[in-house]
Amino acid sequence: MSLQSVKAFFAEYAPDIEVIETPTSSATVALAAEAHGVEPGQIAKTICLRVGDRAMLVVARGDARIDNRKSRDAFGGKPRMLDAEQVAEITGHPIGGVCPFGLASPLPVYCDVSLRAYDQVVPAAGATNAAVKIGVERMAALTGAEWCDICQDELAPGTALLVDRS
């Protein structure tokens, strides 16, 4: 049902975007990156959080980690990840296939600015072996997402931090 709701979403709102089904699982960032021939950061992972009694989805680049302080400041409280059963009930999608498309219940969607490192990203599409390739700004527009900055600021390996000491 979940994959079908995502296909119906794209048929209605973006018929030019094709849902890609792979013969193997793409349920983790590493598996998805391998299945779609992209780097892990280009996978758009969707995380289902709760702050108080408010549930929400956050979409971030696959290799990003949520910063506790930034997320508390942005959402007005400490976010907690929902368990697999709660995620499936609220989104209609299984863990590994969670995405901001074709949701079972309306949820606020936030896109972390970490996604803007890429023009195109690969989020899941409602099943552990389904995804779409979509422009970052288009994904945000289609889902009515708000932009946020809640991931850790990490330097890429081999990148030096330049400090102006003048």
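Residues numbered from 1 in each chain as written. Predicted model: local features only at pLDDT ≥ 70, side-chain atom pairs only at ≥ 80, totals over all residues. Heavy atoms only, no water.

### Section: the overall build of the chain
Then comes step 1: Scanning the chain from N- to C-terminus turns up five helices and nine strands.
Then comes step 2: Written out in order from the N terminus, the α and β elements of the chain read α-β-α-β-β-α-β-α-β-β-β-β-α-β.
Then comes step 3: Its C-alpha atoms give the chain a radius of gyration of 16 Å, near enough to 15 Å, the size a compact globule of 166 residues would have.
Then comes step 4: Here the chain holds 166 residues, and the buried ones make up 46% of them.
Then comes step 5: Taking the contacts inside the chain whose residues are at least 6 apart along the sequence as the reference set, 63% of them involve residues at least 24 apart.
Then comes step 6: Taken as a whole, the chain presents about 9000 Å² of accessible surface, with 50% of it coming from carbon and sulfur.
Then comes step 7: Within the chain, the 21 negative side-chain charges are centred at a point lying 6 Å from the centre of the 15 positive side-chain charges. (Helix = DSSP H or I, 4+ residues; strand = E, 2+ residues; numbered from the N terminus. Rg over C-alpha atoms; globule rule 2.2 N^0.38 Å. Buried < 20%, exposed > 50% of the residue type's maximum accessible area, 1.4 Å probe, protein only. Contact = heavy atoms within 4.5 Å. Areas by Shrake-Rupley, 256 points an atom, 1.4 Å probe, with all protein chains shown as cover. Lys, Arg positive; Asp, Glu negative; His and termini not counted. Charge placed at Lys NZ, Arg CZ, Asp CG, Glu CD.)

### Concerning the environment of Ala 104
Then comes step 1: Looking at where Ala 104 falls in the secondary structure, it is placed in the loop between helix H4 (84–91) and strand S5 (109–112).
Then comes step 2: Here Ala 104 falls in the exposed class, since its relative accessible area comes to 54%.
Then comes step 3: Through-space distance from the C-alpha of Ala 104 to that of Ile 90 is 6.2 Å; in sequence the pair is 14 residues apart.
Then comes step 4: Setting aside chain neighbours within four positions, we find Ala 104 in contact with Glu 89, Ile 90, Thr 91 and Gly 92.

### Quick look at the pattern of salt bridges
Then comes step 1: One pass over the full model with this rule turns up six salt bridges.
Then comes step 2: One salt bridge connects Asp 149 with Lys 70, and the closest N-O pair in it is separated by 3.1 Å. Of the two residues, Asp 149 is situated in the segment after strand S9 (146–148) and Lys 70 in helix H3 (residues 68–75); the sequence distance between them amounts to 79 residues.
Then comes step 3: Accessibility expressed as a relative area gives 41% for Asp 149, which makes it partly exposed.
Then comes step 4: Here Glu 137 ties to Arg 116 by a salt bridge, and the two come within 3.0 Å at their closest N and O atoms. Here Arg 116 lies in the loop between S5 and strand S6 (120–123) and Glu 137 lies in helix H5 (residues 136–143), a separation of 21 residues in the sequence.
Then comes step 5: Owing to a relative accessible area of 45%, Glu 137 belongs among the partly exposed residues under this scheme.
Then comes step 6: Here the salt bridges share partners, and the residues they tie into one network are Lys 70, Asp 149 and Asp 153. (Salt bridge = Lys/Arg side-chain N within 4 Å of Asp/Glu carboxyl O.)

### Some remarks on the pairing of strand S3 (residues 54–61)
Then comes step 1: Among the eight residues in S3, seven count as buried, and that is most of the element.
Then comes step 2: Note: strand S2 (residues 43–51) against S3, eight bridges, orientation antiparallel. Across the sheet, Val 51 pairs through a bridge with Arg 54, a residue of S3.
Then comes step 3: Joining the antiparallel neighbours S2 and S3 is a turn of two residues, in which Gly 52 adopts a positive phi near 65°.
Then comes step 4: As paired elements, S3 and S5 share three bridges and run parallel to each other. By the bridge assignment for S5, Val 59 is matched with Cys 111. (Pairing = 2+ DSSP bridges.)

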